[in-house]
Amino acid sequence: MKTMKLFRLFSITAIVAVGLVFSLSNCKREKEIVVVNIHDTLKGKDITGLCTYPDYTNAMVIAPGAELFLYSGTSATGTPVASTVAELSGNYSFKYLLPGDYFITAIYNTDNQNKSIIKGINFAFDGIGVTMGSGNMTQNIALTTVAAPGTLKISLDSIAAGPSYRQVAWESHSKVVFNTLHTYGTVLQGSFNVWKTSTFIFDEVDPANIVINAWVQTSSINTFEPARDALAGGCVRKTLNVDTMMVGTTVTPIPATDTIRFYANAGEVVKYGKGYLAHGHLKGFYKHPYGQTGVGGSGASDFLPADTTGYAGPYNQTIDKPCDLYFEYQGKNKIISGLNFNWYFLFEGKFTFKRSDYSVNASNLNNVMEVTPHIQLKGTTNRDY
């Protein structure tokens, strides 16, 4: 009996052992996970510094909210071993680090958002290697412009731009939108029904070649309230003091005097963030003094009575002020229709100006106006770009 029990015990043990070996032999080898320990809360030391980025004047200013990533080793390889966010002061810190080699990278968005339309401006810091010793160390981070990846060269007028540029056409889905705050706490938003880019030469690699000339007609303003926007008695017309006349029984604007133009010449555009910064000008608000005769032309009466609660001069002169436009080229899309195709090119931009600089007196509106142009250009049918 004892011999039989020992035999059975041996048999069961052998079966279990064989089964275990069989099971292990059929298991896939798991990927080895290496955990890098870089922290010691007792003896570890800190890397601290200040994060900055260039503003529109190329002055370095603090970058609160910049995201920083720490890698173990001498390059940004693999997964970061630590990350942190710069404080409101622009300062950051990686704490309790053990001695060794580290690599720091950083990214920053001025509105701390990343979206397809212009919402903040992106900057980056490609990285720097640091060697941590037995004491705390300081490493400041200067974020810079993100280089444009492509070589696109397009123009609305390829002849004027030169033979290296491919011609594109204005596309009807383009739009200019503006917004500002109302004293009631609401946002006043609108657009313009009549506007166009008359000149646009774009060189993705060399922004010094970029030229922009675009305009809107203030009389075509659309704030989505017909009574407010009406030329005859609308408060928007009073605010802008749009030059109007009577043609028959219809109130009509005088286009020559209500055109507002943004322009930037060659040499005035630089790379900035992940896009471009045009150090251009906003020009317009030429107004005639009311009561002047002979301006309306054939079949038109003199100017309608003035309402100086909105615009109170200057008259008979054009206001031309510096204006910085930030814009991004956001790529191209190929649209196929039957046997034909076209490439479409998308640009998004934004700039601000002060209404007081243009003598627009509207105390119920914030003084800062933000304008966001959306431009879509169309390539020649069946031509690759």
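Throughout, residues of each chain are indexed from 1 in the direction in which the sequence is written. In keeping with the model being predicted, local features are shown solely for residues with a pLDDT of at least 70 and side-chain atom pairs are shown and tallied solely at 80 or more, while totals for entire chains, interfaces and linings include all residues. Only heavy atoms go into the side-chain values, all of them from the structure, while hydrogens and water stay out.

Engineer: Is there a simple way to think about the sheet that holds strand β3 (residues 67-72) in this case?
Structural biologist: Strands in a sheet are paired, the pairing made by backbone hydrogen bonds, and the direction either parallel or antiparallel. Read across the sheet, four strands follow the order β4-β3-β6-β7 without closing on themselves; strand pairing throughout is antiparallel. With partners counted over all chains shown, the strands left at the sheet margins are β4 (82-85) and β7 (122-132), one partner each. Direction aside, the axes of adjacent strands within the sheet are offset by 20° on average. Here a strand pair is declared whenever DSSP counts at least two bridges between the two strands. Numbered from the N terminus, helices here are DSSP runs of H or I no shorter than four residues, and strands are runs of E no shorter than two. Structural elements are reduced to axes, namely lines fitted to C-alpha atoms, with helices fitted over the stretch in contact, and the angle between N-to-C directions of any two is expressed from 0 to 180 degrees.

Engineer: For this particular structure, what's the right way to read the nonpolar core?
Structural biologist: One recurring pattern in soluble globular proteins: nonpolar side chains tend to sit buried together. Grouped together as the largest cluster of nonpolar side chains are 44 residues, with contacts concentrated most on I154, F202, F327, F345, F347 and L377. Considering each element in turn, this core owes the most residues, six residues, to strand β24 (residues 340-354). Beyond its immediate chain neighbours, meaning those up to four positions away, F345 contacts L152, I154, V168, Y329, G331, K332, I375, Q376, L377, G379 and Y385. Y53, Y102, M132 and I141 belong to the second largest nonpolar core, which has 27 residues in total. Nonpolar core, defined: a set of buried Ala, Val, Leu, Ile, Met, Phe, Trp, Tyr and Cys residues in which side-chain atoms within 4.5 Å join the residues together. With a 1.4 Å probe rolled over the protein chains alone, any residue whose accessible area is under 20% of its type maximum counts as buried; one over 50% counts as exposed, and the rest are partly exposed. Here a residue-residue contact requires only that any non-hydrogen atoms of the pair lie within 4.5 Å.

Engineer: I keep staring at the packing of aromatic side chains and nothing clicks. Help me out?
Structural biologist: Aromatic ring pairs are defined here through the distance separating the ring centres and the angle between the ring planes. Each aromatic pair joins two rings of Phe, Tyr and Trp (for Trp, the six-membered one) with centres within 6.5 Å, and gets the label stacked for planes under 30 degrees apart, edge-to-face for over 60, and tilted for any other angle. One pass over the full model with this rule turns up 18 aromatic pairs. Geometrically, the ring pair formed by F202 and Y276 is edge-to-face, given 5.5 Å between the ring centres and 85° between the ring planes. With a gap of 74 residues between them, F202 in strand β14 (residues 195-203) and Y276 in strand β21 (residues 275-284) connect regions that are remote in the sequence. Here F202 matches Y276 in class, with each residue buried. Taken together, the ring pairs in this structure connect Y53, Y56, Y108, F123, Y272 and Y326 into an aromatic cluster. Sitting over a ring, as applied to charges here, requires NZ of Lys or CZ of Arg to be within 6 Å of the ring centre and within 35 degrees of the ring normal. Its guanidinium or amino end placed over the ring of Y385, R166 lies 5.9 Å from that ring's centre, counting from NZ or CZ.

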